[in-house]
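Structural overview
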Amino acid sequence: MGNDTIIAPATPPGVGGLSVLRLSGPIAFESLSSVSKRPVYCFPPRVATLTPIFNNSGAIIDTCIVTFFPGPASYTAEDVVEVSCHGNPIIVSSILSVFLEIGLRLADPGEFTKRSFLNGKLDLVQAESVAQRISSKSVRASELTNRAFSGDLSARLDSLRNDIISILSACEHGLDISEEDFNEDFNINSLLTINNISSKCKLFLEGFDENRYYISGARVVISGKPNVGKSTLFNALIGTDRAITSERPGTTRDYIETELTIKGVPVQLFDTAGLRESFDVVEQEGVRRALSVKKSCDLLLEVHDVIEYIEPTKRIIHVLNKSDLHNMDDIPKDLSGYFIISAKNGDGLGALKSAIFSALAGRASSYVDVSLITKRQADSMACCHHHTLNAASFFKEGFPEYELVSFELREAIKQIDVILGATYPDDILSKIFDEFCVGK
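Here's a quick rundown of the structure. (Residues numbered from 1 in each chain as written. Predicted model: local features only at pLDDT ≥ 70, side-chain atom pairs only at ≥ 80, totals over all residues. Heavy atoms only, no water.)

What follows is about the overall build of the chain. Helix and strand counts for the chain stand at 13 helices and 12 strands. Expressed as a percentage of the 440 residues in the chain, the buried residues total 46%. Considering only intrachain contacts with a sequence separation of at least 6, the fraction spanning at least 24 residues in the chain is 62%. For the chain, the accessible area works out to roughly 21,700 Å², and carbon and sulfur atoms hold 53% of it. (Helix = DSSP H or I, 4+ residues; strand = E, 2+ residues; numbered from the N terminus. Buried < 20%, exposed > 50% of the residue type's maximum accessible area, 1.4 Å probe, protein only. Contact = heavy atoms within 4.5 Å. Areas by Shrake-Rupley, 256 points an atom, 1.4 Å probe, with all protein chains shown as cover.)

Below you can see the structure in the form of structure tokens.
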């Protein structure tokens, strides 16, 4: 990678005021001179320059603003050119074609950022934050991904890595040079140090758990028996008549989904078919799909229209609907486990939204200003935490096996290296960048 020159639109397809194409590689600057029919000295570095772009017949495709960023002081550490043209898809396609015809290659998804990573401009945490910044659906997610891109998260991970290296060095010094250094004080101090490291790992994991729905969004499913008001609740939560409602049971045959934001948390909301036995093949399929969606949800809104015995569960909110039809005197004042609402009239919806928010992100700590931002990072940190706990457990024995302590600490360091991208399997790297948009 990096021996050829790539090009891709950096703005979304469609009609707009302008579009941007990005080039990176050894002939980026030379190719700009070729398609503009102007010598390279006409394009001073980091200066926006107005120039026509010609097709192979010598006709002007568009008059564009171009900017040259010489490597290594560029996003990819290679020569980079950005071309701003009018946002007509025909113009964009024509400019793209003329560059491809002189030897450039269409970039793969995320290839610009991948080159930046491979050329040492970004670590893997910063590279992942690029994709997350683009796809952020909440202000909180934007804040956290910005901090990751700035290097704050990498710096804290590097600090944790250095802490582990310090205690590992002390253990291996004793093994290689002076085993007499291994005394009771050394064991006590080492245990305290490793416990402190383990606590830092746990804080990283807790921070991700508390903020993950802000970053990736949450799947919330409305479920229940037929005709309890699931679709009415769905419409009430999104504020529009998206789902068909009817007093006839079995109206909803397939799940419906839409996106909304509840107190800053992006939510993918699902309305599902009523759960009951049926001889109707279509309704049976609807029930099957409803059960499938329920299994993969982050939070379930179980809707009832009569009071039933319920088992309190962490990821289920039980909703007693149709309060407008109930005799409220018959409902116990201290009814626990239910949120009483009228989806038709909107009564109780505010409290229900607050409960949804609390279940998903209500524990998010305002002091957590830097957080892990991907499940990949969290999985590696969980492994790192596991290895530090193993290392600590050896010091609780009378005569620790210091070789095993060293092994566990080295494995913990490897997991941080995986997060930062110091070591990485090629298949994992490909998967990360394949999820990027083309042009970034």
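More follows now that the structure is in view.
Turning next to the layout of surface pockets. Estimates place the volume of the largest pocket at around 610 Å³. Along the wall of the largest pocket there are 20 residues; nearest its centre are Glu128, Gln132, Thr374, Lys375 and Glu435. Among the elements of the structure, α4 (124-135), α7 (184-216), α11 (375-395) and α13 (426-434) are those that each provide at least two residues to the lining of the largest pocket. When grouped by side-chain class, the residues that make up the lining of the largest pocket number 9 nonpolar, 4 polar and 7 charged. (1 Å grid on protein atoms, 1.4 Å probe; cavity = no way out; pocket = protein on both sides within 12 Å on 5 of 7 lines; lining within 4 Å. Points joined across faces, edges and corners; volume = space filled by probe spheres on them. Nonpolar A, V, L, I, M, F, W, Y, C, P; charged D, E, K, R; others polar.)

Right, let's talk about the state of the cysteines for a bit. In total, this model carries 0 disulfides according to the counting rule given. Note on cysteine 201: no disulfide assigned, nearest cysteine sulfur contributed by cysteine 384 at a separation of 3.8 Å. We classify cysteine 201 as buried; its relative accessible area is 0%. Of the residues examined, cysteine 384 reaches a relative accessible area of 1% and is grouped as buried. (Disulfide = S-S within 2.5 Å.)

Let us look at the packing of α11 against helix α12 (residues 402-420). One can describe the packing of α11 onto α12 by two numbers: an axis separation of 8 Å at closest approach and a directional angle of 165°. By the angle class used here, α11 and α12 are roughly antiparallel. As for how α11 packs across α12, the hand of that crossing is left-handed. In this structure, α11 uses Arg376, Gln377, Ser380, Met381, Cys383, Cys384, His387, Thr388, Asn390, Ala391, Phe394 and Phe395 to contact α12, whose residues at the interface are Tyr402, Leu404, Val405, Glu408, Leu409, Glu411, Ala412, Gln415, Ile416, Val418 and Ile419. Taken together, the residues of the contact of α11 with α12 sort by class into 14 nonpolar, 6 polar and 3 charged. (Axes fitted to C-alpha atoms, helices over the stretch in contact; angles between N-to-C directions. Parallel < 35°, antiparallel > 145°, perpendicular 65-115°, else oblique. Left-handed = near helix turned anticlockwise from the far one by under 90°.)

The α-helix winds at 3.6 residues per turn, so residues separated by three or four positions along the chain end up facing the same way. Looking at helix α8 (residues 230-238), one finds that the buried residues are Lys230, Ser231, Leu233, Phe234, Asn235 and Leu237. The inward-facing, buried residues of α8 contact β7 (218-224), β8 (256-262), β9 (265-271), β10 (299-304) and α10 (349-361). Positive backbone phi, approximately 80°, marks glycine 239, located one or two places after α8.

So, about helix α1 (residues 28-36). Counting buried positions over the 9 residues of α1 gives 7, a clear majority of the element. Taken as a whole, α1 has its buried residues at Ala28, Phe29, Ser31, Leu32, Ser33, Val35 and Ser36. Elements in contact with the buried residues of α1: β2 (16-24), β3 (49-54), β4 (60-69), β5 (80-87) and α2 (89-101). Two residues or fewer past α1, lysine 37 is found with a positive phi of approximately 55°.

This next bit is on the environment of phenylalanine 407. Relative to the elements of secondary structure, phenylalanine 407 occurs in helix α12. Once the C-alpha coordinates of phenylalanine 407 and leucine 168 are considered, the two residues, 239 residues apart in sequence, prove to be 9.0 Å apart.

Moving on, we come to the sheet that holds β9. Pairing is mixed across the open sheet formed by 6 strands, whose spatial order is β8-β9-β7-β10-β11-β12. The open sheet has two free edges, formed respectively by β8 and β12 (338-340), since each of these has just one partner strand. On average, each strand axis in the sheet is inclined to that of its neighbour by 30°, with strand direction left out of account. Across 5 bridges, β7 lies against β10 in parallel orientation. Bridge assignment links isoleucine 222 to a residue of β10, and that residue is leucine 301. Those strands touched by α8 are β7, β8, β9 and β10, and its axis lies near 155° from that of β9. Across the sheet, α10 lies against β7, β8, β9, β10, β11 (316-320) and β12, angled at about 170° from β11, the strand it touches most. (Pairing = 2+ DSSP bridges.)

Tracing the chain through its elements places arginine 376 in helix α11. Arginine 376 sits in the buried class, given a relative accessible area of 16%. Reaching out from arginine 376, the side chain makes a polar contact with the backbone oxygen of isoleucine 419 at a distance of 2.9 Å. Leaving out residues up to four positions away in the same chain, arginine 376 has contacts with Leu124, Glu128, Val418, Ile419, Ile428 and Ile432. (Polar contact = N/O pair within 3.5 Å; in protein donor to acceptor, adjacent residues only side chain to side chain.)

Turning next to the pattern of salt bridges. One pass over the structure, following the stated rule, counts 17 salt bridges. The partner of aspartate 4 in a salt bridge is arginine 115, with the nearest N and O atoms 2.7 Å apart. Of this pair, aspartate 4 sits in the segment before β1 (6-9) while arginine 115 is found in helix α3 (residues 111-118), placing the two residues 111 residues apart along the sequence. For arginine 115, a relative accessible area of 1% puts it in the buried group. One salt bridge connects arginine 115 with glutamate 78, and the closest N-O pair in it is separated by 3.0 Å. You can see arginine 115 sitting in helix α3 and its partner glutamate 78 sitting in the loop between β4 and β5, a full 37 residues away along the chain. (Salt bridge = Lys/Arg side-chain N within 4 Å of Asp/Glu carboxyl O.)

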